[in-house]
Amino acid sequence: MIVGDTFRPGIFVDALAFIADNPAFLAGKALEQLVLAGAALGLALLVALPFGIVLGHLHRGSGIAIGASIFARALPSLAAIAFLLPVLGIGFLNNAIALAILAAGPLLTNAFEGVEGVDRDAVDAARGMGMSAGQILRRVELPLAVPLLMTGIRVAAVTVVATAPIAAIAGGGGLGDVIVNQASYRLKGVLGASLCVMALSAAVFLCLVALQNALTPKGLVRTRVVGDLPPGKELQ
Amino acid sequence: MDDDGPVIPDFGEGSSCVTDNRTFCWDWAREHWGDTLQPAVLQHLWLTAIAIAIGFVLAFGLALLAHRVRRVEHPIGVGAALLYTIPSLALFQLLVPLTGITTTTVEIALVAYTLVILYPNIVAGLDGAPPEVVEAARGMWLTRRQVLTRVELPLAVPAIVGGLRIAVVSTIAIATIAAFLLPKGLGYPIFYAIKLPEPFKTEIYAAGALAIGLALLCDGGLVLLRRALVPWARKGGA
C-alpha cells in the first residue's frame, strides 16, 4: 500500500521540513482531531462518569465496573469504529460515538473504584454529623475520589486523542487523514503528521497530569502520577 | 506467518444475504473461515505471542534492574508512561523508515506497548513483599539472590499475572492496527471491509467479534493460570 519512497533515516528531516512548511494546514487538522476527541470525551463523561459515581456510592455493581474495564481494553479501536459504521454511516457521529465507547471503560471503572474505595470510617463520620446522602457524596466521597476520577479522565482523554487518527478511515478527518493518505502526502507528510499526533497526545497527557495534581485536595497525600503507576489502575 | 496473507474473496458472488449485505451472513463466515478468518486469527495470535514473549523478557530484566538499583526506577517509569501515550498508528509509521513495512516494525511497536504495561506491574510486584518478610528471610541467612527467588518472586506472581492480563488483552486489541501497514491479523479483514464502496458488514462483525473473543479467552486463561500458580491468593487485581 506504500510505494515510491525509499526508506532512509534522512526522511525524518524531510518530515520536520513538512511540518515547518505546512503549519496552518497541520494545525487545522490537529484542531479537527481535537474537536472529534473533545466531542467523544464529552459524551463519555456525560454518561459513564455519573453512572460510575452512582454505582460506587451505592457500593453496587462491581461486576459492571470490572467488566467495563476488561471489555474496553479488549475492544479494538478499529472494531469500535467499524461496528457502528453500517448503522450510523461514515462521518463525525459514528466516530464520536465509537471513541466515546472506548473512553467510557476507564471513566466508569475509575469513577466506581474512586467513590467505592472511600474510607468507610470517613463516610460514617459524615453520617454521624448529620449529613444527608447527597451531602456525603458531594462533600466527602467526591473530593476523596478526585485522584482516581482524574486518572480515569486522563486515561480516557489520551485514549480518545490517540485513537482519533484511526477514525480517518471512516471519514474522521484530523491528522489521521494525512497518515492514511500516503499517495497524496508522501512518506514525509505521513511521518510529519505522525509526529504531530504524537506531540498532541503527549501534550494532552501532560496537561491532564498537571490538572490532576492541581485538583487533588490538599488533605490527600499527593500521588505522583507520572511513573508511579499502581498495577492495573493507571494504564488504559 | 510468512505466507502471502489472506486470500481476498470476491464478495460479488454468494448468497442473497451476502449480495444484499445483510447484518450477518453465517454462510459467508462458514465459507470463508478457511481462507480469510482462520489465517487472520492465527496471524493475530502469532503477532501477539511474539510481542508478549519479547516484552515480558525485557520488562522482567528492567524490573530486576530497577528492583536492585532504585535510582533508575522512577526515570524508567516516566519514560514508559510517556511511551504509552504515543498513538499506535503514529508509532507504526514512524518506524517504517527504520525497519520498513515489515512484521519487525509491527513487533517493535507491540513490544514497546507490552513493555510499558508489564514493567510497572512487575516492579510493583517485586517491591510489594512486606519488609518484615524480607527481614525474616535475611535473618534466616538467605542470600539476596535467594530472597529474590524464594520470597519476592513468588509473592510477586499475582501482580505479574495481573500485568500479563492487561498486556495480552491490550496487545490483541492494538495488533488490529497493524492492518494499516500489513495485510496481517484480524484487523485486516475489518480494514478491507470498511474500504469497500459499501462496508461489508459480515466481515467487519466476524473479525471484530473474533478479536474481542480472542482477548477475553486469553484473559480467562491467565486467570486460571494465576489460580494454578498462587492457590493461596483467592482474590487478585481486576
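Just so it is clear, the model here is predicted, and its values are computed rather than measured. (Residues numbered from 1 in each chain as written. Chains lettered and ligands numbered in written order. Predicted model: local features only at pLDDT ≥ 70, side-chain atom pairs only at ≥ 80, totals over all residues.)

### Comments concerning the overall build of chain B
To keep things clear, this is the line we draw: Put simply, DSSP H or I for four residues or longer makes a helix, DSSP E for two residues or longer makes a strand, and each gets a number counted from the N terminus. With C-beta atoms placed from the backbone, a residue is buried if 20 or more other C-beta atoms are within 10 Å of its own, exposed if 12 or fewer are, and partly exposed between those counts. Contact between two residues is assigned whenever their backbone-derived C-beta positions fall within 7 Å.
Helices and strands together make up the secondary structure of chain B, namely 10 helices and 0 strands. Each helix and strand of chain B, ordered N terminal to C terminal, gives the series α-α-α-α-α-α-α-α-α-α. Summarising its shape, the C-alpha atoms of chain B cover approximately 75 × 40 × 25 Å along the three principal directions. Within chain B, buried positions represent 45% of all 238 residues. The long-range share in chain B, meaning contacts at least 24 apart out of those at least 6 apart in sequence, stands at 73%.

### Examining the overall build of chain A
When helices and strands are tallied, chain A shows 10 helices and 0 strands. Ordered by position in the sequence, the α and β elements of chain A form the string α-α-α-α-α-α-α-α-α-α. The contacts in chain A between residues at least 6 apart in sequence include a share of 75% that link residues at least 24 apart.

### Section: the interface of chain B and chain A
Listed as interface residues are 48 residues of chain B and, on the opposing side, 45 residues of chain A. Of all the secondary-structure elements, those providing two or more residues to the side of chain B that touches chain A are α4 (73–84), α5 (88–99), α6 (103–127), α8 (144–174), α9 (187–195) and α10 (201–229) of chain B. It is α10(B) that contributes the most residues to the side of chain B that touches chain A, 8 residues altogether.

### Structural notes on the nonpolar core
For the record, the criterion: By definition, a nonpolar core groups buried Ala, Val, Leu, Ile, Met, Phe, Trp, Tyr and Cys residues that connect through C-beta atoms lying within 7 Å of each other.
Counting 140 residues, the largest nonpolar core has A:A40, A:L99, A:A103, A:A104 and A:V160 as its most contacted members. When residues in this core are grouped by element, the largest group, 14 residues, is from α6(B).

### A word on the confidence of the model for chain B
Using the following cut-off: A residue's pLDDT is simply how confident the predictor is in it, with values from 0 to 100.
Across chain B, the average pLDDT comes to 85, with 92% of residues at or above 70. Across the interface, the model reports ipTM at 0.81; the global pTM reads 0.85.

### As for the environment of B:I76
Residues and elements named next belong to chain B. Looking at the element boundaries, I76 is found in helix α4. Owing to 19 C-beta atoms within 10 Å, I76 belongs among the partly exposed residues under this scheme. Once the C-alpha coordinates of I76 and A49 are considered, the two residues, 27 residues apart in sequence, prove to be 24 Å apart. Apart from residues no more than four positions distant in its own chain, I76 is found in contact with L62, A66 and Y119.

### Let's talk about unusual backbone geometry
A positive phi angle, close to 55°, is found at A:H59, a residue other than glycine. Its identity is not glycine, yet B:W141 carries a phi of approximately 65°, on the positive side. Following the sequence through the fold, B:W141 ends up in the loop between α7 (131–139) and α8.

### Description of helix α6 (residues 92–116) of chain A
Residues and elements named next belong to chain A. In plain terms, the rule: Given a helix with a known number of residues, its expected span is that number minus one, times 1.5 Å. One fitted axis covers the seven residues ending at a residue, a second covers the seven starting there, and the bend at that residue is the angle between these axes.
Between its first and last C-alpha, α6 extends 35 Å over 25 residues, near the 36 Å set by a 1.5 Å rise per residue. The largest bend in α6 comes to about 30°, at A103, with the proline P106 one to four residues further on. Buried residues dominate α6, accounting for 22 of its 25 residues.

### Section: the packing of helix α2 (residues 23–58) of chain A against helix α10 (residues 182–215) of chain A
Residue and element names in this part refer to chain A. So the rule is basically this: Only the stretch in contact is used when fitting a helix axis, every axis being a line fitted to C-alpha atoms; angles between N-to-C directions are given from 0 to 180 degrees. An angle below 35 degrees is read as roughly parallel, one above 145 as roughly antiparallel, one from 65 to 115 as roughly perpendicular, and any other as oblique. The sense of a crossing depends on the near helix, which, turned anticlockwise from the far helix by less than a right angle, makes the crossing left-handed and, turned clockwise, makes it right-handed. Here the nonpolar group is Ala, Val, Leu, Ile, Met, Phe, Trp, Tyr, Cys and Pro; Asp, Glu, Lys and Arg are the charged ones; every other residue, Gly included, is treated as polar.
Between α2 and α10, the least distance of the axes is 11 Å, while the angle of their chain directions is 50°. The pairing of α2 with α10 is recorded here as oblique in orientation. Along this stretch, α2 crosses α10, giving a crossing that reads as right-handed. Within the contact between the two elements, α2 uses L26, A30 and Q33 and α10 uses A193, C196 and L200. Across the contact of α2 with α10, the residue classes break down as 5 nonpolar, 1 polar and no charged.

### What about the packing of helix α3 (residues 62–74) of chain A against α6(A)?
Each pair of packed helices gets described by two things: the angle between the helix axes and the distance between those axes. Residues and elements named next belong to chain A. Contact geometry of α3 with α6 gives a least axis separation of 8 Å together with a crossing angle of 150°. Considered as vectors, α3 and α6 are oriented roughly antiparallel to each other. In the packing of α3 onto α6, the handedness of the crossing is left-handed. Residues A65, A68, S69, F71, A72 and R73 of α3 touch α6, and the partners they reach there are L102, A104, G105, P106, L108, T109, F112 and E113. When the residues that make up the contact of α3 with α6 are grouped by side-chain class, the tally is 9 nonpolar, 3 polar and 2 charged.

### Examining the environment of A:G189
All names here are of chain A. Assignment of secondary structure puts G189 in helix α10. For G189, a count of 22 C-beta atoms within 10 Å translates into the label buried. Distance from G189 to V178, taken between C-alpha atoms, is 6.8 Å for residues 11 residues apart in sequence. When sequence neighbours within four positions are dropped, the list of residues in contact with G189 reads F18 and V178.

### Looking at the environment of B:R226
Within the secondary structure, B:R226 is located in helix α10. On the basis of neighbour count, B:R226 is assigned to the buried category, with 20 C-beta atoms found within 10 Å.

### Observations regarding the confidence of the model for chain A
All names here are of chain A. Looking at chain A, pLDDT values average 85 and 89% of them are 70 or higher. Averaged pLDDT values for the elements of chain A fall to 84 in helix α5 (residues 85–88) and rise to 93 in α2. Low confidence marks residues 222–236, where pLDDT is under 50. Its contacts with residues over four positions away, or in another chain, come to 42 contacts.

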